[in-house]
Structures are given as C-alpha cells and as structure tokens.
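Residues per chain are reported as follows:
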Amino acid sequence: MTTNELDSPVETEAKPARAARRPAGERKPVNRVLVMPQTLSVKQLAELIDQTPIDVIKQLMRHGIMAGVNQIVDYQVASLVTTAAGIRTKLADETKAAAPAKAAAPADTANLVTRPPVVTVMGHVDHGKTTLLDTIRKTKVASREVGGITQHIGAYQVEYLGKKITFLDTPGHEAFTAIRSRGAKCTDIAVLVVAANDGIMPQTVEAINHAKAAGVPIIVAINKMDLPDANPDRVKLQLSEHNLVIEEWGGEVIAVPVSARSGEGIDTLLQNIQVVSEVADLKADPTKPASGVIIEAKLDRKRGPTSTVLVQSGTLRVGDHIVAGTAWGRVKAIANERGQAIKEVAPGDPAEVLGFSELPEAGDVLTVVPNERASRLLVAERERSKTAQQTQARALTLDEVVKQIDAGDVKELNLVLKADVQGSVEAIRQSLDKLADAEATVRILHAGSGAVTELDVLLASASSGIIIAFNVGSEPSAERTASRAGVEIRKYNIIYQLIEDVERALHGMLEPIYTDVLTGRAEVREVFPGRGNAKIAGCRVLEGRLVRGATVRIMRGGKVMQESSITGLRHFRDEVTQINTGLECGVALQDFNDFQVGDLLEVHRQERAR
Ligand code: GDP
C-alpha cells in the first residue's frame, strides 16, 4: 500500500481530538479522523502520522511491543501509537458502514474510564507463586456471592477496597513471554515473588529481564517471611544488584514482605498494586466494540471450544461476532471465573467465552467485527496472508538489524546471551557494554549460563532480538521454535570473534558471515574400546544424519567439550559413509576418546548467511 492511498481517506470531523503531545511547529493531527488499514508496516504508520520510525518504535516499546521498521502491525497495535499522539482513527472497513452513527459519538477521551490492572505473578520455582495466587483468590474473592468457588479459567479477579484487580492465573514468565512473542500485551504490573530464605535465583533474574523487556512495572513480594531463616535485607541487596533499588533505599521499586502461607502482608501487597495502577492511569473506552487477548483456550467435550478472554478495550457482549487469529464465531455465552453466566465483559475483566467455531491460540488478539460476513472475510484474508505475515512478523536477523542501524532507523541491538559458565557471561557482558556509542547500543534482554532454551527464543522473538550462544548448544525445542519464529541463534566459541561480530554489526559493517546449521544429532549410548587407545562411541542418531568426515561437536550437559571430525562410521559391521535418524552406529572421532554415555554428537554445516 502506498502512502497516498493511506493518506487519501483522512476525514475531518467536527469534534476536536485530544491535543497531541508534540512540540509546537510540527503538523498537528487534531480535527481529523485517520482511516487506517487492518495491517500496515511501522514505516507506513510513521509516515501516516508524520513521525519518525524511531518515535513510533519507541512508543511501541512503551507498550511492551518490540518492532522493527518493516514489521507489520495490526490496527490495534497501531492505535496504541495514534492514541498517544492524540490522533483519532477508524478501521478502514468499518468506516463506510458505521460512519453516520459514529459521527455523532463524543470524542474518544470523553468515554475513557479507569479499568482494573492486569497482574502477572513471576519468580523462581518454589518461591511461592502458586501459593500467593491461591491465597489471594481464597481470601479476597467475594465468598458471599453464589457459587463463590472459583474455577480455573486462567485468570481471576478480586475486589479490594472497592476496586478490582485482575490476576493472570498462570504463574511464571513462560506464559507471559509466549503471549508477548505473539505480539499481544496482557500485563500491566508484574509481581516478582522472591523467597526471603532463598534470595534471588536464576529464574528470578529471568523474570526481572522479561518484565523489563516488556516495560512492565515490577512490585517485589518478599515471600516466606514466616520462616525463621527469612532474610529480607539480603533480598533487597540482591535486587539492587539487578538495578531494582527499593523505595526505602531511595529507589522506585516497591518491595512488600509477605507470607503467602499465613496471609501476612497480602493486604499491603494489594494496596501497592492499586497505587502502581493509579500511577499508570489505566483507562479504556467501554463504549467501543471489544478487543482483547486470548489467555487460554481448550476444547470442552460438551460445550465445544471455550476460551478465556481478557478484554482490553470496549465491551464484549453475548451475540458479538468475534475473530481471534483464524478462529471466528459468535459469542453464545459468557461466564465469569465463578462459573456464573454474565451478559457482558468490561475492559480489564477476564471471562470464559463460548462460541468460537474452532480453538483460538493463547496470545491471539480478539476483535469484534460487525457481522458474520466481516468475520469470514477477515479470516479468509488472514489465512491467505498467513505465510506472508509469518515471514513479515518474524524476529530480525543480525544482518537485518545491521541494515536498520545503518539506515539510522534503529539504535539498539537486542541480545539474549547464553554462555557455558557465569564467568564468561560477565566477561562478555562487560565487553559488550563497552561497545556502546552515539550510533548504537547493545541491550542485553537476558544473560545466563546453560544451553539456549525455548524461553530464550520466545524472549528474543518478542523483542526482535538475536541470541548469542558462547560455548553452549541449544535444546532441540529451542532450535525448532527458533527456526519457526525466524530467531537467529549465533554460536561462538572464541570471545573476541563474538565481540567483533557484534561491534561490526553495531557499526553496520558486518563481514560476510557463516552460520552453523545443525544437520545431525546423535546420543552416545555405550562406549567400546577401539584400536590401540582409541574409543568407539555406540550411538543412536536422534535427528538428521551423521556423515563420515563431517565436523562434529561433542556436547555434554549443554556445553561444548571439543570440536572434532568423524573418522569412522559403522552400522553393525559395515563401514558406512552416512547414517540416518533412528539408526544405531559406531562412531570414531579424530583425537577424541573421552566419550561418556549421554554425550551428544552434533554435526554442523557452515552456511553463508548473507
Ligand atoms: P511456585 O513454584 O513458585 O508456584 O511455588 P509454590 O507456591 O508451589 O510453593 C512452593 C513451596 O513453598 C510449597 O511447599 C509452599 O507450601 C511453600 N510456600 C509458599 N509460600 C510460602 C510461605 O509464605 N511460607 C512458607 N513457609 N512456605 C511457603
């Protein structure tokens, strides 16, 4: 679509729109209603509203959405930017049908009302996330109401001091990041649970980084205060080491000592959630048709597809025509988390919705459309462009980032860093920090030791980032998700090469690069004596194939032990040149005899990436 096409349908309306927050002298977007297409690129959006792509990208970041200039965003996402700029918009298709009725409607801001905050609980395993969610649910959900027993629908709501708070009931940052990697934002506040007796642990750090990458405010719940070895001061000190300085030490982070088991401190935690929510000034317009996010979806044998929807703006009603991803339908029934039938859902509220013809996916954006024909058209259009969109919406490769930095469109290189030991993580992080200059900086979304996991890939994907793996491999599920989402995992075993590559990338001077493509993986099941001191590994090929002469990496516990090449390959007694998935074989390697049962042999091919 060209800019002219986009510009032409701009209409003028009698009512003034909210004043734009931009310096005087720039073109003021007041007094007009912009007609926007269902999808457009960040660049097109920037041109359309007369801002630079950087400003649009920054604005999206504030909403936890990391997008590149060429990324395609949909109308809902684009509206976040236009609303912040004080520009009123309409969706192109709706304009003709709804114009007369809408022209009489008051300005958007007049209809904005405060909505409940949506809270996700995150933290290290066993630090008490589930217990905290259970305690809040048991003690604070109004038990007077009929059917006071809550059901698990993926989210629940409490009313505290007359105001509602919505909790996402799937603890952990996996769900949070999975939804975010699909382009939706569903959390306003993250509650970080840290056990007072245990302190900050690896998943606490992960959770902090995930919340920071999403730009979500963090409230710390220092849990298990009832235990004799609770040491909240140590937790506060550790938090400050991760740049979370608590209020009593002059910082901005609220930390509340609690015991999820006894209920101590829970009221204070809820009060603080309300304070942070008031500061965030969360508002939505309940008069509009609803839009929201699918939190959970499952097939109920009797009732068909059921899904938990978090309504984010507008009001969802029984009878509405709905579309989420490529699932569509009409709302047949709505129930709250107590299983009671309700007629409508307001912004910020979760509810179980019946009526989809097929299962939508968690993270799909829900939209209400005027009629069944519009649902069918939208779904048909999405099905048609599914492949195209998948490639357009995927994360960026380092090469693409380089081009954007070069063009001055992007000033940050987002990285997830994984290395064999914590020492290397710190060494690499310090070297990368030094690379920042006026042109571009490195932003480390998450750094940790161990193999690259699927969660690392989701985080990189949600923030258009790249994964740097130093002396570590990646879990098979991570590789699969990375290739599906188009996330680049760059593997290095020499620090200076890693630093040099990133430095070149920052300055837009990346040399031709070669990336490793995994072509085979085998597991060592037995070790046999070979000729002389040599050892033979009895292996089973798990995926791909092993080829004689190929370069192989010996992996143990997620770390690279050594690189070697295959000098001998046998299937039973026969010497073979290659061996495929599912088959057993004997493998001899050049200068490597120290096999252990459970080692993985990974065969890679070097491929020129550009
Ligand atoms: P999650 O993995 O973070 O969801 O942790 P859980 O909620 O499952 O809690 C892990 C363990 O810690 C369970 O045995 C809980 O009973 C216990 N636990 C949770 N909160 C507290 C608390 O405030 N005090 C004490 N003493 N134990 C707690």
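Before reading on, note that the structure itself is shown above.
What you see is a predicted model; the values in this text were computed from it and never measured.

## Here we look at helix α9 (residues 232-241)
For α9, the set of buried residues is V235, K236, Q238 and L239. End-on, the buried residues of α9 take up no more than an arc of 165°, which puts them together on one face. Tucked into the core, α9 has its buried residues touching β10 (189-195) and β11 (218-223). Just downstream of α9 lies N243, where phi reads positive at about 60°.

## Quick notes on the pairing of strand β28 (residues 535-547)
Examined bridge by bridge, β28 and strand β33 (residues 584-589) share four bridges and lie antiparallel to one another. Residue pairing across strands places A537 opposite V587, the latter belonging to β33. In the sheet, β28 pairs with strand β32 (residues 578-580) via three bridges, with the strands oriented antiparallel. Bridge pairing links L546 to I579 in β32.

## Topic: the site of the ligand
Surveying the vicinity of the ligand reveals 15 residues, the closest of which are D126, K129, T130, T131 and D226. K129 places a polar main-chain atom, nitrogen or oxygen, 2.8 Å from an oxygen atom of the ligand. For the ligand, an oxygen atom lies 2.9 Å from a polar atom in the side chain of R261. Protein contacts shield 78% of the accessible area of the ligand, which totals 580 Å² for the unbound molecule. Here the element with the most residues in the shell around the ligand is helix α6 (residues 129-140); it accounts for three residues. In the shell around the ligand, the residues fall into three nonpolar, seven polar and five charged.

## Let's talk about the nonpolar core
In this structure, L132, F167 and I273 are the most contacted members of the largest nonpolar core, which totals 24 residues. Residue assignment for this core shows that the elements contributing at least two residues are β7 (118-123), α6, β8 (155-160), β9 (163-168), β10, β11, β12 (254-257) and α10 (266-280). If you tally residues by element for this core, the top one is α10, at five residues. Those residues in contact with F167 that sit more than four places away from it in its chain are V119, V121, L133, I136, A155, Y156, V158, L270 and I273.

## Here we look at helix α4 (residues 75-84)
Of all 10 residues that make up α4, seven are buried, and the element is covered over most of its length. Taken residue by residue, α4 has Y75, V77, A78, S79, V81, T82 and A84 as its buried positions.

## Remarks on the packing of aromatic side chains
Tallied over the entire structure, the rule returns two aromatic pairs. With centroids separated by 5.3 Å and ring planes inclined at 75°, the aromatic side chains of F592 and F595 adopt a geometry described as edge-to-face. The exposure class of F592 is buried, given its relative accessible area of 5%. Residue classification places F595 among the buried positions, given a relative accessible area of 7%.

## Overview of the pairing of β9
Looking at chain direction, β7 and β9 are connected through three bridges and run parallel. Bridge pairing in β9 links V118 to T166. Strand direction decides the pairing type here: β8 and β9, joined by six bridges, are antiparallel. When the sheet's bridge partners are listed, Y160 is paired in β9 with K163. The turn linking β8 back onto β9 is made up of two residues, and L161 within it adopts a positive phi angle of 50°.

## A look at the sheet that holds strand β24 (residues 441-449)
Within a sheet, each strand pairs with its neighbour through backbone hydrogen bonds, oriented either parallel or antiparallel. Here four strands make up an open sheet; going across it, the order is β24-β23-β25-β26 and the pairing parallel. Each of the sheet's edge strands pairs with one partner strand only, and the pair in question is β24 and β26 (489-492). Pairwise comparison of adjacent strand axes, ignoring direction, gives a mean angle of 25° for this sheet. Pairing of strand β23 (residues 412-419) with β24 involves eight bridges; the strand directions are parallel. Looking across to β24, one finds that L417 is bridged to A447.

## Quick notes on the environment of A534
Structurally, A534 can be placed in the loop between β27 (514-529) and β28. For A534, a relative accessible area of 29% corresponds to the partly exposed category. Each residue touching A534, except ones within four places of it in the same chain, is listed here: P529 and N593.

Thresholds, definitions, all that
Residues numbered from 1 in each chain as written. Predicted model: local features only at pLDDT ≥ 70, side-chain atom pairs only at ≥ 80, totals over all residues. Heavy atoms only, no water. Buried < 20%, exposed > 50% of the residue type's maximum accessible area, 1.4 Å probe, protein only. Helix = DSSP H or I, 4+ residues; strand = E, 2+ residues; numbered from the N terminus. Arc of directions from axis to C-beta. Contact = heavy atoms within 4.5 Å. Pairing = 2+ DSSP bridges. Near = heavy atom within 4 Å. Polar contact = N/O pair within 3.5 Å; in protein donor to acceptor, adjacent residues only side chain to side chain. Areas by Shrake-Rupley, 256 points an atom, 1.4 Å probe, with all protein chains shown as cover. Nonpolar A, V, L, I, M, F, W, Y, C, P; charged D, E, K, R; others polar. Core = buried A, V, L, I, M, F, W, Y, C linked by side-chain atoms within 4.5 Å. Phe/Tyr/Trp six-rings, centres within 6.5 Å; stacked < 30°, edge-to-face > 60°. Axes fitted to C-alpha atoms, helices over the stretch in contact; angles between N-to-C directions.

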